[in-house]
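Coordinate analysis (summary)
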Amino acid sequence: MNTQKLNETLHLLDLFRNEKRFMLAYSGGKDSTLVSILFFRWLSMRGLTGKEVNVIHNDTQSELDILENWARDFMNQFCKAIEDSGNICQKLFSIPFQNFFVKTIILGYPAPSFAFRWCVNHLKIIPNKEMIKKLSGKKFILITGHREKESSTRASIIKNNSLTSCPLSGYSCNSSFFIKLDIKNGIKVMPIKDWTVNEVWEYLGTVKDFDLSGLYVLYNGNPEARYGCWHCTLVKIQKNIYNLPDNYYYLEALRIIYRAISDIEIFREKKEWGYSKLGPLNALGRGIMLKLFPIAEKYSGKRFYGLDEYKIENYSLRELFYEIDPNKADEILQKIKFRTRNNRFVSIKTLREIKINEYMLDKIYEYIKRNIAYNILEIRGNYVEKLLNEI
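Described in the following lines is the structure provided in the data block. (Residues numbered from 1 in each chain as written. Predicted model: local features only at pLDDT ≥ 70, side-chain atom pairs only at ≥ 80, totals over all residues. Heavy atoms only, no water.)

**Describing the state of the cysteines**
Using the criterion set out here, one finds 2 disulfides in the structure. Each sulfur of the disulfide joining C79 and C89 lies 2.0 Å from the other. Looking down the S-S bond of the C79 and C89 bridge, the torsion is -60 degrees, so its handedness is left-handed. Note that C79 is positioned in helix α3 (residues 65–84) and C89 in strand β3 (residues 88–94), a separation of 10 residues in sequence. Accessibility expressed as a relative area gives 4% for C79, which makes it buried. Once the bonded cysteines of the protein are numbered in order along the sequence, the disulfide links fall as 1-2, 3-4. Of all cysteine sulfurs in the structure, the one in C232 sits closest to C229, which takes part in no disulfide; the separation is 6.7 Å. (Disulfide = S-S within 2.5 Å. Helix = DSSP H or I, 4+ residues; strand = E, 2+ residues; numbered from the N terminus. Buried < 20%, exposed > 50% of the residue type's maximum accessible area, 1.4 Å probe, protein only.)

As structure tokens, then:
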């Protein structure tokens, strides 16, 4: 274990020993798990008590169940340890105002691309920022698990957003460990910025006071696996899926189909502005996705919890989309004022009754077969075909 890196991290945290309020950004991954444990160890080693600790987890309602279950388990362990050490701990979840299922079915959002990365802002950045803003009435320290060696993208973000001078009044510090934060009263710090992935796992391997078995199941021997929303189309291949049991491959199949439907003109509305003349998913595109969600659940044995946890007038999306009278569902949904350029509403009755013909199916397959992710998935079985054959 690199004791020099460990000591540097602890000495960095020492700059905050007189601070009262801390927020930890916790994703459930190895890096945020490590920085949380190091923060707890620092409090204990320095005998610090009476601190207010808020551990914040961004739940997009599109996480893989294996990740979300682990994240919630560790947060419970962490807060118990913090409270047992004489400090205060609160578990907080930032969730999107409109989750993926709302965006796709009600508003017709197509699969994100690098030209239209709607998901990053709506599912992650905005919910996190709003959560932190609610807690920013007094000075706070925001601790993250960002590492430069995590990826070239992360290294670039850190380089372009690191502070050029120490943000701590009356202290001398290495400003490269601090990153810009456009929320008042806050200082954002990256205690493990310089750690390598091997150093992260080496330290986690020494941890005995937390049960990390869920973390090891999540990574399944792949130390650099990275997890995000199951439907993410900003990556070509969801490599993390291949760390998991093969029933998760149906989620990759659904992601591939969503990408294809979003790229096909017959499943999109037309629009007159922007770089593309293809607008939101039309009734056909949304109706196909509506039918595919329960089919993918059946084959994978996994439940899309975002359909259950997101509620409108005390009805879950699952109830509105599939179970209650469609006229009542439409009445409820039409009360919601969604901020869009024009009225994108398509009745639930229409979506439930959508039929797909051979021409549409052939078109979907045509686009799917251009996708490298399909070529890789196809080697493992006919997961895409099983989903489409049931529509």
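Following the structure, the description resumes.
**Description of the nonpolar core**
In this structure, F39, F78, F178, F293, L317 and F321 are the most contacted members of the largest nonpolar core, which totals 120 residues. Residue contacts for L317: discarding those within four places in its chain leaves N99, F101, V102, I106, G306, L307, Y310 and I312. With 9 residues, the next largest nonpolar core counts M131, L135, F140 and L142 among its residues. (Core = buried A, V, L, I, M, F, W, Y, C linked by side-chain atoms within 4.5 Å. Contact = heavy atoms within 4.5 Å.)

**Examining the pattern of salt bridges**
One pass over the structure, following the stated rule, counts 28 salt bridges. Note that E199 is salt-bridged to K5, the shortest N-O span being 2.8 Å. Of this pair, E199 sits in helix α7 (residues 197–204) while K5 sits in helix α1 (residues 3–14), and the two are 194 residues apart along the sequence. Of the residues examined, E199 reaches a relative accessible area of 14% and is grouped as buried. Ionic pairing is found between E353 and K349, a salt bridge with its closest N-O pair at 3.1 Å. Accessibility expressed as a relative area gives 49% for E353, which makes it partly exposed. Each of the salt bridges in this network shares a partner with another, and the network as a whole consists of D59, E68, R72 and E309. (Salt bridge = Lys/Arg side-chain N within 4 Å of Asp/Glu carboxyl O.)

**Comments concerning the packing of helix α9 (residues 249–263) against helix α10 (residues 283–300)**
Relative orientation and spacing of two packed helices are given, respectively, by the angle between their axes and the distance between those axes. Two numbers describe how α9 lies on α10: the axes approach to 10 Å, and their chain directions differ by 170 degrees. The angle between the axes of α9 and α10 places the two elements in the roughly antiparallel class. Contacts from Y250, L251, L254, I257, Y258 and I261 of α9 reach α10 at G285, I288, M289, L292, F293, A296, Y299 and S300. (Axes fitted to C-alpha atoms, helices over the stretch in contact; angles between N-to-C directions. Parallel < 35°, antiparallel > 145°, perpendicular 65-115°, else oblique.)

**Quick look at the packing of aromatic side chains**
A complete count under the given rule lists 28 aromatic pairs for this structure. For the pair F74 and F78, a centre-to-centre distance of 6.1 Å together with 25 degrees between the ring planes defines the contact as stacked. Residue F74 and its partner F78 are located together in helix α3, separated by 4 residues, close to a single helical turn. Per residue, the accessibility class of F74 equals that of F78, and both read buried. Considering the side-chain rings of W230 and F304, the 4.8 Å spacing of their centres and the 25 degrees angle between planes classify their relative orientation as stacked. Of this pair, W230 sits in the loop between α8 (213–219) and α9 while F304 sits in the loop between α10 and α11 (306–309), and the two are 74 residues apart along the sequence. For W230, a relative accessible area of 5% corresponds to the buried category. The buried category is assigned to F304, whose relative accessible area is 5%. (Phe/Tyr/Trp six-rings, centres within 6.5 Å; stacked < 30°, edge-to-face > 60°.)

**What about the environment of A71?**
Within the secondary structure layout, A71 lies in helix α3. Discounting residues that sit within four places of it in the chain, A71 has contacts with Y26, S27, G28 and H57.

**Section: the pairing of strand β2 (residues 52–58)**
Summarising burial for β2: 6 of the 7 residues are buried, a large majority. Inspection of the sheet shows strand β1 (residues 21–25) paired to β2 by 5 bridges, in the parallel sense. The residue bridging L24 from the neighbouring strand is V55, located in β2. Taking the sense of rotation as the criterion, the β-α-β connection linking β1, helix α2 (residues 30–46) and β2 turns out right-handed. Summarising the sheet, β2 and β3 pair through 7 bridges and their orientation is parallel. (Pairing = 2+ DSSP bridges. Right-handed = clockwise from strand over helix to strand, strands pointing away.)

**Here's the deal with the side chain of S36**
The residue S36 is located in helix α2 in this model. A polar contact of 2.7 Å, which involves the side chain of S36, links it to the backbone oxygen of S32. Leaving out residues up to four positions away in the same chain, S36 has contacts with L24, Y26, F74 and F78. (Polar contact = N/O pair within 3.5 Å; in protein donor to acceptor, adjacent residues only side chain to side chain.)

**Some words on helix α5 (residues 118–134)**
In a regular helix each residue adds 1.5 Å, so 17 residues correspond to 24 Å; α5 covers 23 Å between its end C-alpha atoms and thus fits that length. Along its length, α5 shows its largest kink, about 35 degrees, at I125, and proline P127 lies within four residues downstream of that point. Taken as a whole, α5 has its buried residues at W118, C119, L123, P127, M131 and I132. (Expected span 1.5 Å × (residues − 1). Bend = angle between axes of the 7 residues up to and from the residue.)

These figures come from the coordinates and say nothing about function on their own.
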